[in-house]
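Below, each chain spelled out in residue letters.
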Amino acid sequence: MAAGPNYAFFKGKIVPIDEAKVSVMTHALNYGTGAFGGVRAYWNPEDEDLYLFRPLDHFRRVLNSAKLLLMDLPYTPESMLDILLQLLRKEGYRQDVYIRPLIYKSSHVIGVRLHDLDAEFTMFAQPFGSYIEDEEGSSVTFSAWRRVDDNAIPARGKISGAYANSAFIKTDAMLNGFDEALVLNENGHISEGSAENFFIVRDGVALTPPINANILEGITRRTVMQLLTEELNMPVVEREIDRTEVYLADEAFFCGTGVQVVAIASVDHRPIGSGKMGPVVRQLRDLYFNLVRGKLDQHRDWTVPVYCTKG
Ligand code: PMP
């Protein structure tokens, strides 16, 4: 069997991936009227099980996006999780995977609007490794692009069309030789990376932009905030961050389901702290990877075993 995905949940049932196809007339394909999620599941070889990380939180956010887009979907976070478990068991993965839930306006009509349109939920899961090559020392730039504003396209919605903004940001950064970019909001403060939340550590305090700084309300961000306060005893403050605070930070990092926890070594060629991964990010990464692989006793409720080998 191919590496996968071999199946998708599509139009109410699990079908071979080749049957999960939409028409060129699909509203979401033409106008960006979809929204998505990104969930990870981690293979734990000792337990011989695959652990989903905070899937219900991800599905809650997908359904909140549906609410913003005026979609009426017959699913709950719990029913979406049931579908995901069926899908993963059918795929039978024994490696790390990335899951893409997608909701979209499925009507075949010309006309830009949100109302009076049908909506569908689809989902697939594929094997997946790192998102950023150098997770221990990424090189970052400040993007010349601005983050879409809540009054333009709400960033908290994870809306497909808004990711053209992220694509501009990411591509310019990469074509200029950087791994990622930090993007400012219309107020000139930092929002986040192209597809990840952002933290700095300065004088023993972790700082991250607040949820009204045009960021996605990241689930990894929430996880990291809890790990920093509970496990590393470090105060976390949510407030707007200036560009020059980053230059003076002791450490800086990105976090997100895709990127996981990525150390930032330099911003616009200026070394951050020592210019290498610092002690806080190192400890946080260790904790995070143990947590998501189901190896920590704390926060067992955040991981959901797929095969339930432990009974
Ligand atoms: N910001 C943006 C713009 C993103 O696309 C993502 C990835 N989903 C994140 C932040 C991180 O969110 P999460 O931790 O929920 O994956």
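Residues numbered from 1 in each chain as written. Predicted model: local features only at pLDDT ≥ 70, side-chain atom pairs only at ≥ 80, totals over all residues. Heavy atoms only, no water.

1. Brief notes about the domain arrangement of the protein chain
As assigned here, the protein chain comprises domain 1 (7-127) and domain 2 (138-292). Once you take the C-alpha centre of each, domain 1 and domain 2 turn out to be 26 Å apart. On the side of domain 2, 20 residues touch domain 1, which itself brings 20 residues to the contact. A buried area of about 1700 Å², summed over both sides, lies between domain 1 and domain 2, and 59% of it is on carbon and sulfur atoms. Ranking the residues of domain 1 by area buried against domain 2 places Phe36, Phe53 and Arg61 at the top, with a combined share of 36%. Run the count over domain 1 and domain 2 and you get twelve residue pairs in polar contact (both at pLDDT 80 or more). (Domains from an automatic or database assignment. Contact = heavy atoms within 4.5 Å. Buried area = accessible area lost by both parts, 1.4 Å probe. Polar contact = N/O pair within 3.5 Å; in protein donor to acceptor, adjacent residues only side chain to side chain.)

2. Some thoughts on helix α7 (residues 279-292)
With 14 residues, α7 extends 20 Å from end C-alpha to end C-alpha; this agrees with the ideal 20 Å at 1.5 Å per step. Inspection of α7 places Val280, Val281, Leu284, Arg285, Leu287, Tyr288, Leu291 and Val292 among the buried residues, and these make up the whole buried set. Taken from the residues just after α7, Gly294 is the one with a positive phi, measuring 75°. (Helix = DSSP H or I, 4+ residues; strand = E, 2+ residues; numbered from the N terminus. Expected span 1.5 Å × (residues − 1). Buried < 20%, exposed > 50% of the residue type's maximum accessible area, 1.4 Å probe, protein only.)

3. Focus: the packing of helix α5 (residues 219-230) against α7
Running from N to C, α5 and α7 cross one another at 115°; their axes reach a closest spacing of 11 Å. Classified by the angle their axes make, α5 and α7 are roughly perpendicular. Regarding α5 and α7, the two cross each other, and that crossing is right-handed. In contact with Thr220, Thr223, Val224, Leu227 and Leu228 of α5, α7 contributes Val280, Leu284, Leu287, Tyr288 and Leu291. Considered class by class, the residues forming the contact of α5 with α7 number eight nonpolar, two polar and no charged. (Axes fitted to C-alpha atoms, helices over the stretch in contact; angles between N-to-C directions. Parallel < 35°, antiparallel > 145°, perpendicular 65-115°, else oblique. Left-handed = near helix turned anticlockwise from the far one by under 90°. Nonpolar A, V, L, I, M, F, W, Y, C, P; charged D, E, K, R; others polar.)

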